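Survey of secondary and tertiary structure
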Amino acid sequence: MTNTVLQKLGIHSINSGVFSGDWIRKPKGPEILSVNPSTGKPMARVLSASREDYERVLEKAQKGFKKWSLLPPPRRGEIVRKIGEALRKNRKALGLLVTLETGKILAEGEGEVQEMIDIADFSVGLSRQLYGLTIASERPDHRMFEQWHPLGPIGVITAFNFPVAVWSWNAFVAAVCGDTLLWKPSSRTPLTAIAVQNIIRKVLAKEELDGVFNLCIGDGAEIGEWMAQDRRLPLISATGSCAMGKRVAEAVAQRLGRTLLELGGNNAAIVAPSANLDLALRSILFAAVGTSGQRCTTLRRLILHRSIAKKFTRQLIRAYKQISIGEPWKKEVLMGPLIAESAVQRMMEAAEEIQRQGGKILYGGKRLKRSGYFVQPALVQADPKMPMVQEETFAPILYMMTYDRLEEAIQIHNAVPQGLSSGIFTNDLREAELFLSAMGSDCGIANVNIATSGAEIGGAFGGEKETGGGREAGSDAWKVYMRRQTCTIHFGKNLSLAQGVRFDLG
Ligand code: NAD
């Protein structure tokens, strides 16, 4: 299975990880391994970029920008449409590779490729809707309007857990806006990035375009650090942990560049007494255990009304016991492995620390005795003030707390440094509206009768506070990939100045 899919997607036992119009044959950076987290065994080797390779790619992205940015936006949209078609043809193969390289279950691997297709479709429409406003001028015989221009080559740094979808949210929207891209994926997921380039390069070759979608795989953080410091990249879109975002933000701010930050979450859901508990249970299970707790939107905190807390906890423990854990490509499996040995170690350390801080593990939290990086998801009875509850441990640990009044639940909900996704389960209109009001959830995403995971591409995605404040994908998130220009045309004969200022000779 592994060899067939690797072959279909043009992956060899040793691969170049640097692409710019074509593969750079022998990049001079360190060699990295792609490991299948379900077996702990390597799948293929990748040659990463040296500084010299990085310079070559960036020059190509700058050159590519000169041609690409001059194409009419709907023409750029037409090319993204063709890329979407190519992805449709490779949905199953690329979905399986995402599953093999990240350990997420097949439905989620394929779902991620579907998300790429969806954002491609969205971007095609967007390519005809890059609107600017016309603004009433206070001066006679003046017309004022705003227009949007492409920014330049932009840098995209991505995390391991959405190795292809997050790139496409940035890449397709930025591309129709007229930007070219330099992509640095996580070094844990190099093969999916190579496969994406192999799929789309054929489309661009037919159009005789290069330097639009460029790739620089690196070993760890180094290439990302070069990008953050590089004035030739006016925008850095960075997805990853809050710690990484702080470093990127600081480096880009030093040169007064622009950032789009999509960082860690510590997402919570409130379950009110009027909630449909059956619906809540199923939604919460997916949000807490799906992707083995390795989504930025994973549900990490559950705030239960005291009147339903005992019953709901019993039901949740029963449901957790039924979760099938195993090879993520098998149909019956709902939870695959964690990404790496270090992630298992972090979860085990977190379990110990939770107990030291007074938390009680009600279920799970152990490593499974088998090869690969498999763990049991954990349910923890916790005090909202425990320091561990403030942190995002990137593993399936769900903290459970109780409340008496909704205002108290909202206070607990907002009392963490991150602000990505949130949800309330209630059939009481007043409670739902309070949660969505300015007094309610302080997150970038707020749901009613839906838990925290599983956003659609049509909305702008991102979060507040230490999640970084960025927005990408749908709505008007495209504006971050362009520069706004306010233009005024004077078509009269007499000078007239704004604010009635007079500046006459004699
Ligand atoms: P990570 O922070 O370890 O790495 C993310 C990317 O940043 C990688 O490509 C890495 O090489 C690069 N990087 C690390 N340090 C850097 C530096 N100093 N300068 C430049 N680049 C650097 O994250 P991860 O383990 O790959 O992914 C998990 C994290 O990502 C979680 O915190 C999760 O919540 C977050 N995430 C957020 C979103 C979102 O949209 N908000 C989406 C997916 C993942």
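Residues numbered from 1 in each chain as written. Predicted model: local features only at pLDDT ≥ 70, side-chain atom pairs only at ≥ 80, totals over all residues. Heavy atoms only, no water.

So, the pattern of salt bridges
Considering all chains together, one arrives at 28 salt bridges under this definition. Between Arg295 and Glu108 there is a salt bridge, with the nearest N and O atoms lying 2.9 Å from each other. With Arg295 in the loop between α10 (277-289) and β14 (299-305) and Glu108 in helix α5 (residues 106-126), the pair connects residues that are 187 residues apart, well separated along the chain. You can call Arg295 buried: its relative accessible area is 12%. With a shortest N-O distance of 3.0 Å, Glu327 and Lys330 are connected by a salt bridge. Taking the relative accessible area as the measure of exposure, Glu327 reaches 22% and is therefore partly exposed. Three or more residues joined by partner-sharing salt bridges are found here, namely Arg51, Glu55, Asp230 and Arg232. (Salt bridge = Lys/Arg side-chain N within 4 Å of Asp/Glu carboxyl O. Helix = DSSP H or I, 4+ residues; strand = E, 2+ residues; numbered from the N terminus. Buried < 20%, exposed > 50% of the residue type's maximum accessible area, 1.4 Å probe, protein only.)

A look at a nonpolar patch on the surface
Residues Leu495, Leu497, Val501 and Phe503 make up a contiguous nonpolar surface patch of about 440 Å² in total accessible area. Structurally, the position occupied by Leu495 is in the segment after β24 (482-490). (Patch = residues over 30% accessible without salt bridge, like charges linked within 9 Å, V, L, I, M, F, W, Y side chains within 5 Å. Areas by Shrake-Rupley, 256 points an atom, 1.4 Å probe, with all protein chains shown as cover.)

Re the sheet that holds strand β4 (residues 31-36)
Within the open sheet, the three strands sit side by side as β1-β5-β4. Their pairing is mixed. Two strands close off the open sheet at either side, each with one partner strand: β1 (14-16) and β4. Each strand axis lies, on average, 35° off the axis of its neighbour in the sheet, ignoring direction. Alignment of β1 against strand β5 (residues 41-47), held across three bridges, turns out to be parallel. Note on β5: the bridge partner recorded for Ser16 is Leu47. Sitting on the sheet, helix α7 (residues 190-206) touches β1, β4 and β5, and the angle it makes with β5 is about 55°. (Pairing = 2+ DSSP bridges. Axes fitted to C-alpha atoms, helices over the stretch in contact; angles between N-to-C directions. Contact = heavy atoms within 4.5 Å.)

Some remarks on the domain arrangement of the protein
The domains assigned to the protein are domain 1 (2-263 + 468-485) and domain 2 (267-457). The C-alpha centroid of domain 2 is placed 30 Å from the C-alpha centroid of domain 1. Each partner contributes residues to the interface: domain 1 has 30 residues there, and domain 2 has 25 residues. Interface area, domain 1 with domain 2, both sides summed: about 2,100 Å², of which 64% is carbon and sulfur. Linking domain 1 to domain 2 there are one salt bridge. Summed over the shared surface of domain 1 and domain 2, the result is seven residue pairs in polar contact (both at pLDDT 80 or more). Among the elements of the structure, β4, α4 (91-102) and α5 are those that each provide at least two residues to the side of domain 1 that touches domain 2. (Domains from an automatic or database assignment. Buried area = accessible area lost by both parts, 1.4 Å probe. Polar contact = N/O pair within 3.5 Å; in protein donor to acceptor, adjacent residues only side chain to side chain.)

Thoughts on the environment of Pro74
Counting through the fold element by element, Pro74 comes out in helix α3 (residues 73-89). Residue classification places Pro74 among the partly exposed positions, given a relative accessible area of 30%. A C-alpha to C-alpha distance of 9.8 Å links Pro74 and Cys177, two positions 103 residues apart in sequence.

Section: the pairing of strand β9 (residues 180-184)
Regular strands show a simple pattern: their side chains alternate between the two faces of the sheet. When you tally the buried positions in β9, you get five out of five residues, the bulk of the element. Of the two faces of β9, the one holding Thr180, Leu182 and Lys184 and the one holding Leu181 and Trp183 are both buried throughout. Note: strand β8 (residues 153-157) against β9, five bridges, orientation parallel. The residue of β9 that forms the bridge with Gly155 is Leu182. Taking the sense of rotation as the criterion, the β-α-β connection linking β8, helix α6 (residues 165-177) and β9 turns out right-handed. Relative to strand β10 (residues 213-216), β9 runs parallel, the two being bridged by three bridges. Bridge assignment links Leu182 to a residue of β10, and that residue is Asn214. Running through α7, the crossover from β9 to the neighbouring parallel element β10 is right-handed. (Right-handed = clockwise from strand over helix to strand, strands pointing away.)

Here's the deal with the site of the ligand
Residues in close proximity to the ligand total 27 residues, the closest being Thr158, Lys184, Ser241, Leu263 and Glu392. Contacts to the ligand include Glu262, whose side-chain N or O atom sits 3.4 Å from an oxygen atom. Leu263 places a main-chain nitrogen or oxygen 2.7 Å from a nitrogen atom of the ligand. Against a free-state accessible area of 850 Å², the protein chains account for coverage of 89% of the ligand. For the shell around the ligand, the elements supplying multiple residues, two or more each, are α8 (222-229) and α9 (242-254). For the shell around the ligand, the element with the most residues is α9, which contributes three residues. In terms of residue class, the shell around the ligand is made up of twelve nonpolar, ten polar and five charged. The two domains that each donate at least three residues to the shell around the ligand are domain 1 (2-263 + 468-485) and domain 2 (267-457). (Near = heavy atom within 4 Å. Nonpolar A, V, L, I, M, F, W, Y, C, P; charged D, E, K, R; others polar.)

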